[in-house]
Amino acid sequence: MTQIIEDNTILRVRPGVDLGNLNLSSQEGYMLSRIDGKMTVRDLYQISLLDKTATAAVLKNLIDQGVLAEVDPPNIVKLPSDYKCHDYGNTIFSLPAMQEDCEPEKAWRKEVLFLHENMDKLSHFEFMGIEVASEEAEIKKAFVRLSKILHPDSYYGRNMGTFKKKLSELYNHLSEAYRLLLDPNTRIEYKRKLSIVRGEPDWAGEEETPEERARKNRQVAKEKRLKNNPMMSRVSKAGEFYQAGLSDLEKQKWISAANNFKMALTYDPLNELYKLQLEKVADAANRVAAERHFQRGQTLEAYGQDGYMEAYEKAAQTYPTSVEFNLKICGLYSDQGDWDKAEHYAARAVTSNPKNLDARMTYGKILVKHKNKEKALQQFEAVLKLDPNNEQAKANLKEAKRWF
Amino acid sequence: MARVIGIDLGTTNTCVAYVEDGVPTIISNKAGYKITPSVIAITPSGKRLVGHAAKRQALTNPSNTVFAAKRLIGRSWDSPSVQAALISSPFDLVEGPNKDVRVKLHGKIYSIPEIQAMILSEMRRIAEEYIKEPVEKAVVTVPAYFKDAQRQATKDAGRIAGLDVIRIVNEPTAAALAYGYGKSMHKKIAVYDLGGGTFDISVLEINEGVYEVLTSNGDTFLGGEDFDSRIMEWVLDEFYQEHGIDLREDKMAIQRLKDAAESAKISLSTVQETEINLPFIATDDKKQPLHIQKKISREDLEGMVEDLIERTVDICARALRDANMKPEDLDSVLLVGGQTRMPLIQARVTDFFQNAPYKTLNPDEAVSLGAAIQGNMLLESQEQSTLLLDLTPYNLGIMVASGYFKEIIPKDSPIPISKSHMFTTESDFQEKVRVVVVQGGAKGSGGEGEEDSAVLGEFILEDLKRAPRGETKIKVFFELDSNGVLKVSARDMDTSKQQTISLSAYSYLTEKEIRGMIEDSRGYTLEQEADERMQEVRFNVEKMFQSISDMLPRLDSYFNSSEENKQALDKIRNLVDRATEALEKDDRERMVELEEYLKRTEEILRAAMMS
């Protein structure tokens with residue numbers, strides 16, 4: 001009997017033992033009298049008058065005689081009885097963790113230590129203890145099984161020592177793995193990656209994710225439809241351009257949208273919807289394009305480079321209903337003395353916005369220069385009608401009358 | 001053993017349960033009620049009333065009676081719900097020091113957690129009376145859509161009431177637990193929870209004791225009280241049209257109407273027509289009394305609230321869509337909350353889920369039963385047989401440079417969960433970084449004008465290494481526990497300097513304040529106990545005084561006129577006189593002294609007369 005009793009062992013008198021009929025030594029009798037209900041060996045050392053070795057020997061004797069019995073610690077964290085442990089191989093478990101003073105039993109500690117140690121090395125399938133081919137039902141089952149060990153609620157209020165932190169990391173890992181495997185899309189992608197890493201080409205196989213399958217099915221169905229009906233092919237192309245145009249609209253890319261609607265109309269010229277959308281967007285697209293030309297003109301002009309005339313002219317042509325663009329190019333032409341062109345743009349500016357005084361004044365002045373008396377007088381009179389107190393217009397009118 | 005109780009702290013009613021020898025049981029109060037109104041009041045004499053007692057006197061004391069405090073808990077003063085309550089609530093709301101909401105009752109200011117604590121300690125008292133053991137721990141339920149601050153504030157309320165809230169559980173999850181407890185099943189169920197103030201829909205999968213929440217959705221501004229106010233509005237409008245008097249200004253009238261509307265609504269769940277009868281509600285110009293006497297039929301009510309019910313159905317549809325499910329995938333539907341007794345709701349739910357709701361569970365009681373089960377499971381069960389796996393209904397992240405939100409824990413993540421994200425500095429030689437923790441708006445948390453995202457807290461990580469921008473690495477670590485309460489820390493990866501934020505600072509009550517409130521509440525508990533003891537003494541004294549006084553005239557015939565007996569009789573007479581005086585003056589100390597004497601005297605006399 002060389003085995004020593006562990007300090008944590010809890011002892012009690014074996015139920016049903018008839019204390020009166022035992023043949024005990026005085027030391028044994030004394031020890032027995034000290035035991036009150038359930039007591040740990042550590043506590044017995046404290047209250048015993050014998051020294052530690054003697055106490056241990058007496059207790060050991062009493063256990064061997066069947067007078068005392070070991071009691072399972074009341075609070076012990078155990079693995080569920082039907083739990084299947086991982087294959088640990090020849091893992092060596094850290095001694096401090098195995099001997100730490102906390103509630104889990106040895107088998108439990110081994111399982112948790114193994115999982116924690118190998119969390120990153122094990123595949124999600126290995127971690128959860130399931131086959132690579134497992135489907136939803138098995139994955140769920142495995143998750144439930146592991147949750148009962150790893151979820152923090154399973155050991156609420158228990159003394160788990162340093163295992164507590166490990167468990168929270170493990171549970172986090174478990175719930176991530178579970179989420180990933182539960183969704184067939186991410187599961188198959190994970191399998192593909194895993195098969196490359198592990199060099200096991202068969203794992204992922206030909207399996208397609210539901211998303212891929214759906215996409216493929218849609219494609220096949222569409223091709224089939226188009227093959228049966230050549231007219232539909234054109235219509236469907238038009239539809240594609242139309243959809244692209246709509247998404248451009250959302251992003252406020254007016255020019256691209258207009259181009260797409262135009263393309264849609266070339267494939268399906270009679271479609272009223274496309275025409276309507278094009279009309280709606282054309283104005284905005286032209287304005288944007290014109291603004292770009294105009295800005296380019298401004299930049300070129302500012303840097304004293306050639307080509308700004310052309311840029312301004314293009315702006316006015318692309319978006320003919322802008323007073324600003326028309327007046328700008330008109331001014332440039334009148335500077336050059338090209339009265340025909342200046343008159344053309346000034347006239348357009350006035351038509352774009354008949355109430356714009358600047359446009360009318362400019363037009364009037366150009367007409368004066370261009371010797372068109374009647375029209376010039378009309379313009380100045382129109383200005384005065386809009387703004388009776390416009391001194392400049394009065395002066396111009398007077399001068400024009402004097403000129404002719 | 002320390003007992004743990006489950007409390008369903010509702011907007012209108014509160015219910016307490018506990019697991020007795022493995023059987024979850026609702027605890028009724030002394031008067032036999034299983035549910036207690038979530039109402040507290042302070043009487044003019046400064047006495048605290050909770051539950052039925054508070055509700056009964058609400059009419060005569062409307063400005064010192066607090067209803068539906070749950071709608072205000074953990075909310076900031078500026079939030080739309082508080083601003084709305086300001087207009088409609090009969091009691092005075094004031095702004096607290098931390099931008100929170102407080103209530104002013106008889107000149108004293110109370111925080112909302114204190115108000116809730118009064119209800120919780122009443123529940124605790126009811127439970128202790130029943131279990132006959134002290135109760136220190138509790139599981140309290142909250143709507144799934146409660147945000148961090150609201151959960152924290154609920155925990156604070158528990159602490160003030162002297163309860164260790166070991167877990168905050170979502171109401172629909174708790175109801176599911178009550179449904180599945182003790183049964184072996186594999187089912188998918190929906191929990192439709194229309195309480196007094198909030199609506200929640202959750203879809204759960206129950207699989208051998210594991211309750212996994214698949215999705216949840218809801219509206220924090222939709223509940224039974226909205227149904228009541230539709231009836232009130234209707235009556236008020238009709239009254240205005242008839243008499244030209246707007247009763248909205250009259251707190252007392254509103255209070256009476258509120259009660260009447262609620263009871264009309266409740267009775268319309270069982271009868272086709274009822275009457276709202278409020279005599280002498282106001283007086284007209286000629287000082288003639290005016291009455292409200294209106295018939296209301298079930299159809300009338302259904303017409304008034306149809307849109308509210310449709311809103312709940314829309315949310316159900318959204319929840320199912322989020323979980324990628326169809327109504328026919330579900331095995332069962334649970335109805336929780338008293339409002340679900342309304343026949344139209346039951347019909348719409350049946351219609352939508354194509355499945356008649358499960359009716360065995362009482363909609364008022366299921367949640368507290370579930371809470372008790374969860375508490376029992378955590379503390380007392382040895383087997384890891386049942387587990388709750390809940391989700392976070394909102395996303396959590398941090399606000400980084402230029403106000404852009406970086407999500408760290410997405411919506412519908414299982415809790416508990418911890419996640420981290422690496423950030424870097426945005427300018428050269430930056431020495432500190434500000435981390436602002438933000439709770440994003442829950443998808444479809446709905447509600448008119450409810451703040452979409454809330455800043456939970458912020459902290460500054462200082463003394464970073466001087467480095468060009470982008471070189472310093474900062475790791476932000478989020479930890480969301482099983483209560484749905486968040487802890488955030490940030491660590492500078494170079495210097496390993498770490499800082500943890502305690503988000504409880506943002507639950508609108510400081511630690512010091514809570515301590516003070518705990519003290520107050522403890523003092524109050526003792527005082528209340530003394531009060532009850534006194535009533536008992538007084539009762540005993542009165543009873544024995546009466547019995548002795550009855551016997552006195554007959555005593556002479558029983559005793560011979562010896563000197564001894566005369567003295568004894570004098571003593572008794574003297575005792576009776578003293579008792580009369582003590583009772584008249586309500587002298588507590590004297591009564592306690594006399595109680596024992598009277599008892600002994602009464603016994604002696606009784607014995608003497610028997611012989």
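Computed from a prediction, not measured in an experiment: that's the story for all the values here.

### What about the overall build of chain B?
Part 1 of the reasoning: Scanning chain B from N- to C-terminus turns up 13 helices and 28 strands.
Part 2 of the reasoning: Burial statistics for chain B: of 611 residues in total, 53% are counted as buried.
Part 3 of the reasoning: Taking all contacts inside chain B whose residues are at least 6 apart in sequence as the whole, residues at least 24 apart take part in 67%.

### A word on the overall build of chain A
Part 1 of the reasoning: Within chain A one finds 19 helices and 3 strands.
Part 2 of the reasoning: Within chain A, the proportion of its 404 residues that are buried is 40%.
Part 3 of the reasoning: Long-range contacts, defined here as pairs at least 24 residues apart, represent 57% of the contacts in chain A between residues at least 6 apart.
Part 4 of the reasoning: When the accessible area of chain A is evaluated, it comes to approximately 24200 Å², of which 50% is carbon and sulfur surface.

### Observations concerning the confidence of the model for chain B
As a note on interpretation, predicted positions should not be read in detail where pLDDT is low.
Part 1 of the reasoning: Chain-level statistics for chain B give a pLDDT mean of 82 and a share of 91% at 70 or above.
Part 2 of the reasoning: This stretch, residues 442-451 of chain B, has a pLDDT under 50; its non-local contacts, to residues over four places away or in other chains, come to 28 contacts.

### A few points about the environment of Arg341 of chain B
All names here are of chain B.
Part 1 of the reasoning: Considering the arrangement of structural elements, one finds Arg341 in the loop between β18 (332-336) and α9 (343-353).
Part 2 of the reasoning: Judged by its relative accessible area of 36%, Arg341 falls in the partly exposed class.
Part 3 of the reasoning: Counting along the chain gives 21 residues from Arg341 to Asn362, while the straight-line C-alpha distance between them is 9.8 Å.
Part 4 of the reasoning: Excluding residues that lie within four positions of it along the chain, Arg341 makes contacts with Ser269, Gln346, Asn362, Pro363 and Asp364.
Part 5 of the reasoning: Side-chain polar atoms of Arg341 contact the side chain of Asp364, separated by 3.0 Å.

### Some details on helix α7 (residues 251-268) of chain B
All names here are of chain B.
Part 1 of the reasoning: In this model, α7 (18 residues) spans 25 Å end to end at C-alpha, consistent with the 26 Å of a helix rising 1.5 Å per residue.
Part 2 of the reasoning: All of the buried residues in α7 are Ala253, Ile254, Gln255, Leu257, Ala260, Ala261, Ala264, Lys265 and Leu268.
Part 3 of the reasoning: For α7, the elements touching its buried residues are α6 (224-243), β16 (273-283), β17 (289-297) and α8 (298-322).

### A closer look at a negative patch on the surface
Residue and element names in this part refer to chain B.
Part 1 of the reasoning: Taken together, the side chains of Glu273, Glu275, Glu299 and Asp300 define an acidic patch exposed on the protein surface.
Part 2 of the reasoning: For the negative patch, the secondary structure elements donating two or more residues are β16 and α8.
Part 3 of the reasoning: Along the chain, the position of Glu299 falls in helix α8.

### Some points on the sheet that holds strand β10 (residues 108-111) of chain B
All names here are of chain B.
Part 1 of the reasoning: Ordered in space as β8-β9-β10, the 3 strands form an open sheet in which the pairing is antiparallel. Pairing within the sheet leaves two strands with one partner each, and these edge strands are β8 (92-95) and β10. Across the sheet, the axes of successive neighbouring strands diverge by a mean angle of 40°, strand direction being ignored.
Part 2 of the reasoning: One ladder, built from 4 bridges, connects strand β9 (residues 101-105) with β10; its direction is antiparallel. When the sheet's bridge partners are listed, Leu105 is paired in β10 with Lys108.
Part 3 of the reasoning: Its contacts with the sheet place helix α3 (residues 112-131) against β9 and β10, and it is angled at close to 80° to β10.

What counts, and where the lines are drawn
- Within every chain, residues take consecutive numbers counted from 1 along the sequence as written.
- A letter from A marks each chain and a number from 1 marks each ligand, given out in the order of writing.
- Totals for whole chains, interfaces and linings use every residue, but because this is a predicted model, local features are given only for residues with pLDDT of at least 70 and side-chain atom pairs only at 80 or more, for both listing and counting.
- Side-chain measures here rest on the full set of heavy atoms in the structure, leaving out hydrogens and waters.
- Helix and strand definitions here come from DSSP, where helices need a minimum of 4 consecutive H or I residues and strands a minimum of 2 consecutive E residues; each element is numbered from the N-terminal end.
- Type-normalised accessible area, obtained with a 1.4 Å probe on protein chains alone, sets the label of each residue: buried when under 20%, exposed when over 50%, and partly exposed for intermediate values.
- Note on contacts: a residue pair qualifies if any of its non-hydrogen atoms lie within 4.5 Å across the two residues.
- Throughout, the Shrake-Rupley method with a 1.4 Å probe supplies accessible areas, and for residues the shown protein chains are the sole cover considered.
- For every residue, the predictor states its confidence as a pLDDT score lying anywhere from 0 to 100.
- Distance and chemistry together define a polar contact, namely a pair of N or O atoms within 3.5 Å, with one atom able to donate a hydrogen and the other to accept it when in protein, and with adjacent residues in sequence counting only for side-chain atoms on both sides.
- Expected helix span is given by 1.5 Å per residue-to-residue step, counting one fewer step than there are residues.
- Patch definition: residues with relative accessible area over 30% and no salt bridge; like charges joined within 9 Å; nonpolar side chains (Val, Leu, Ile, Met, Phe, Trp, Tyr) joined within 5 Å.
- A pair is scored as a salt bridge if a Lys or Arg side-chain nitrogen falls within 4 Å of a carboxyl oxygen belonging to Asp or Glu.
- Charge counting treats Lys and Arg as positive and Asp and Glu as negative, with His and both chain ends excluded.
- By convention, the point assigned to a charge is CZ for Arg, NZ for Lys, CD for Glu and CG for Asp.
- Strands are labelled as partners when DSSP assigns at least two bridges between them.
- For helices, the axis comes from a line fit to the C-alpha atoms of the stretch in contact; other axes are also lines fit to C-alpha atoms, and the angle between any two N-to-C directions lies between 0 and 180 degrees.

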